[in-house]
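Examining the three-dimensional arrangement
So you can see what is in the structure, the chains are spelled out below.
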Amino acid sequence: MLKIGDLILPVPVMLAPMAGITDLPFRLITRKFGAPLAFTEMIDARAISHREKRTSRMLSSEPDDTPLGVQLLSSDEKYLIKALDVIGEHQFDLIDLNAACPTPKITRKGKGAALLQEPRKLGQMLKTLVQYSPAPVTVKIRTGWDADSINAREVALRAEEGGVRALFIHGRTKAQGYAGTVDYRVIREVKEALTIPVIASGDNLSVHSVKKMFDETGCDGVAIARGALGNPWIFRDVSSLFRHDPLPPRPDIDEKIAVIKAHLDLTISYYGEERGVGIFRKFFVWYTRGLKGTKPLRDKAFRTHTRAHLTAVVDELRTLQNRETGERRD
């Protein structure tokens, strides 16, 4: 169990925010497999304050998509406050400030992981966010800017002083991006320094790696990002771990195809057929990752433009996998 403010999660695991990925259709799929908490995609506070159409869609949700957090990106308190006026029109359970995104186009503007270089400014931004927020505030950080400036502990203490109710930490520096190894030691140092919950992320790709994260860091919870791509079953598996139940069997091809089609239908219903098919192609690649002989199908999927054509490609996946299974048995 994990408690963040008044929010209580039955298992200490959640879907992390991912730009261009954690939209409503994807969140609904992960909910079916037990994700107890999810976040919207990272959204720029300035875009929210201007009520841009695309941004308004990113804030949308529905009753099956709760509890839900929204992650904000900003380097300016003025736009944070304005964004909160819009966010207050929705029912979010947490508001998270991103101080972790390593993308150069973000950090060049002083946002995301660039805030790690200004702990005092970040602390003040969080105090302002806490003061005006209609929901509990959290923050996501990294271990530091680079190997020569590991300052996660200092940043985390300032965040706690600012009034945040939990802290998320990705176990890499900004310079590492998503490469290299996760620094469990720094996460543990942060956990030992704080009294608020610490949620760890970075390479939580399987039940084994999630267990290692808890064992190595003593963290209070984990956020799953890339581990959920093409594998929403990871939430079911991790929940079994914490309930001390046997791990469920891996999904067979029929179950996998049923989930792929359900996800495709949700995406088309949300975006419309043309845009929905275009958005879903990358998910098809993730769902077929690790399946032998699927490269031609992936290539074919990226040439589709209609629900019927993409569904036909998905059906070919069953034929291909049944043939592969038969050949292995022979």
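Let me begin by describing the structure that accompanies this report. Predicted model only: the values in this text are computed from it and were never measured.

We now examine the packing of aromatic side chains. In this structure the tally under the stated criterion is 8 aromatic pairs. Summarising the aromatic geometry, the rings of Tyr270 and Tyr271 are spaced 4.7 Å apart at their centres and angled 80° between planes, so their arrangement reads as edge-to-face. Taken as a pair, Tyr270 and Tyr271 share a single burial class, namely buried. Centre to centre, the rings of Phe283 and Trp286 are 5.4 Å apart; their planes meet at 80°, and the pair counts as edge-to-face. Taken together, the residues span about one helical turn, with Phe283 and Trp286 both in helix 12 (residues 273–287) at a distance of 3 residues. By relative accessible area, Phe283 is classed as buried at 1%. Each residue in the set Phe26, Phe280, Phe283, Trp286 and Tyr287 is aromatic and connected to the rest through ring pairs, giving one cluster.

Now for the side chain of Arg27. Turning to its location among the elements, Arg27 is positioned in helix 1 (residues 24–32). Here Arg27 falls in the buried class, since its relative accessible area comes to 1%. Arg27 has contacts with Leu15, Thr22, Ala38, Phe39, Thr40, Ser60, Ser61, Asp65 and Leu68, leaving out every residue within four places of it along the chain.

Between Thr66 and the following residue, Pro67, the backbone shows a cis peptide bond with an omega angle of -10°. Its identity is not glycine, yet Arg51 carries a phi of approximately 55°, on the positive side. Relative to the helices and strands, Arg51 resides in the loop between helix 2 (45–49) and helix 3 (53–58). Residue classification places Arg51 among the partly exposed positions, given a relative accessible area of 47%. Residue Asp203 is not a glycine yet carries a positive backbone phi of 60°. Mapping Asp203 onto the fold places it in the loop between strand 9 (198–201) and helix 9 (207–217). Classification of Asp203 by relative accessible area gives partly exposed; the value is 25%.

Running from N to C, helix 9 and helix 10 (residues 233–242) cross one another at 50°; their axes reach a closest spacing of 10 Å. Our classification of the angle between helix 9 and helix 10 gives oblique. Considering only the axes of helix 9 and helix 10, their crossing is right-handed. Contact residues: helix 9 offers Val207, Val210, Lys211 and Phe214, while helix 10 offers Asp237, Val238, Leu241 and Phe242. The residue makeup of the contact of helix 9 with helix 10, split by class, is 6 nonpolar, no polar and 2 charged.

Before going further, it helps to spend a moment on the pairing of strand 6 (residues 94–98). Buried residues dominate strand 6, accounting for 5 of its 5 residues. Burial along strand 6 is two-sided: Leu94, Asp96 and Asn98 and Ile95 and Leu97, pointing in opposite directions, are all buried. Pairing analysis gives 4 bridges linking strand 5 (residues 68–73) to strand 6, with the strands arranged parallel. Bridge assignment links Val70 to a residue of strand 6, and that residue is Ile95. In this region the chain leaves strand 5, passes through helix 4 (residues 77–87) and returns to the parallel neighbour strand 6; the handedness of that crossover is right-handed.

Thresholds, definitions, all that
Counting restarts for each chain: residues are numbered from 1 in the order of the written sequence. In keeping with the predicted nature of the model, local features appear solely for residues at pLDDT of at least 70, side-chain atom pairs appear and are counted solely at 80 or more, and the whole-chain, interface and lining totals rest on all residues. Neither water nor hydrogens contribute to the side-chain values; these are computed over all heavy atoms in the structure. Two rings from Phe, Tyr or Trp (for Trp, the six-membered ring) form a pair when their centres are within 6.5 Å of each other. A pair whose planes differ by under 30 degrees is stacked, one over 60 is edge-to-face, and the rest are tilted. Burial classes: relative accessible area under 20% of the type maximum marks a residue as buried, over 50% as exposed, and values in between as partly exposed (1.4 Å probe, protein chains only). The helix and strand labels rest on DSSP assignments: H or I over at least four residues marks a helix, E over at least two residues marks a strand, and numbering proceeds from the N terminus. The contact rule is simple, with two residues in contact once any of their heavy atoms fall within 4.5 Å. Orientation is described by axes fitted as lines to C-alpha atoms, over the contacting stretch for helices, and by angles from 0 to 180 degrees between their N-to-C directions. Orientation categories follow fixed angle ranges, with anything under 35 degrees roughly parallel, anything over 145 roughly antiparallel, 65 to 115 roughly perpendicular, and all other angles oblique. Should the near helix be turned anticlockwise from the far one by less than a right angle, the crossing is termed left-handed; should it be turned clockwise, right-handed. Throughout, the ten residues Ala, Val, Leu, Ile, Met, Phe, Trp, Tyr, Cys and Pro are labelled nonpolar, Asp, Glu, Lys and Arg are labelled charged, and all others, Gly among them, are labelled polar. Whether two strands pair depends on DSSP finding at least two bridges between them. When the strands point away from the viewer and the path from the first strand over the helix to the second turns clockwise, the crossover is right-handed.

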